Amino acid sequence: MGFPIEAIHITNKGEIDSVIKLSEKTIVIEIKYSKTEKEEDLKKAIEKAFTQIHNRKYFEKYLKRKNLNLLAIAFNRKDVLCEFKEV
């Protein structure tokens, strides 16, 4: 895809699903699966992903890099929902 991506980056507090490192931006990604097809459950999964990123401090290692972003992705059998947050 033209950029480096680290899949399953292991830390002492858990496993980051993915990290994309670009020269101008770093994106920490957490992905959640919802067993139901309800939109509200996808939204809950997004919040769960952000909570996990913050509680386990997945972003700390990258704080010195420019433009640090968090990306939460939630999906089920039919839909995908994603949301960005800047740190």
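Predicted, not measured: the structure shown is a model, and the values here were computed from it.

(A) Representation of the pattern of salt bridges. Tallied over the entire structure, the rule returns four salt bridges. Across the pair Glu37 and Arg77 runs a salt bridge whose closest N-O atoms are separated by 3.7 Å. With Glu37 in the loop between strand 3 (26–33) and helix 1 (39–55) and Arg77 in the loop between strand 4 (68–75) and strand 5 (80–86), this pair connects stretches of sequence that are 40 residues apart. Overall, the relative accessible area of 70% leaves Arg77 in the exposed class.

(B) How the structure looks around the side chain of Glu30. Within the secondary structure, Glu30 is located in strand 3. Side chain to side chain, Glu30 and Gln52 meet in a polar contact 3.3 Å long. Contacts of Glu30, omitting those with residues within four sequence positions, involve Glu15, Ile16, Asp17, Ala49, Gln52, Ile53, Tyr58, Leu71, Ala72 and Ile73.

(C) Examining helix 1 more closely. Across its 17 residues, helix 1 extends 24 Å between first and last C-alpha, which sits within 8% of the 24 Å expected from 1.5 Å per residue. Looking only at helix 1, the buried set comprises Asp41, Leu42, Ala45, Ile46, Ala49, Phe50, Gln52 and Ile53. The inward-facing, buried residues of helix 1 abut strand 2 (14–21), strand 3, strand 4 and strand 5. Count one or two residues on from helix 1 and you reach Lys57, which has phi positive near 55°.

About the thresholds
- Residues numbered from 1 in each chain as written.
- Predicted model: local features only at pLDDT ≥ 70, side-chain atom pairs only at ≥ 80, totals over all residues.
- Heavy atoms only, no water.
- Salt bridge = Lys/Arg side-chain N within 4 Å of Asp/Glu carboxyl O.
- Helix = DSSP H or I, 4+ residues; strand = E, 2+ residues; numbered from the N terminus.
- Buried < 20%, exposed > 50% of the residue type's maximum accessible area, 1.4 Å probe, protein only.
- Polar contact = N/O pair within 3.5 Å; in protein donor to acceptor, adjacent residues only side chain to side chain.
- Contact = heavy atoms within 4.5 Å.
- Expected span 1.5 Å × (residues − 1).

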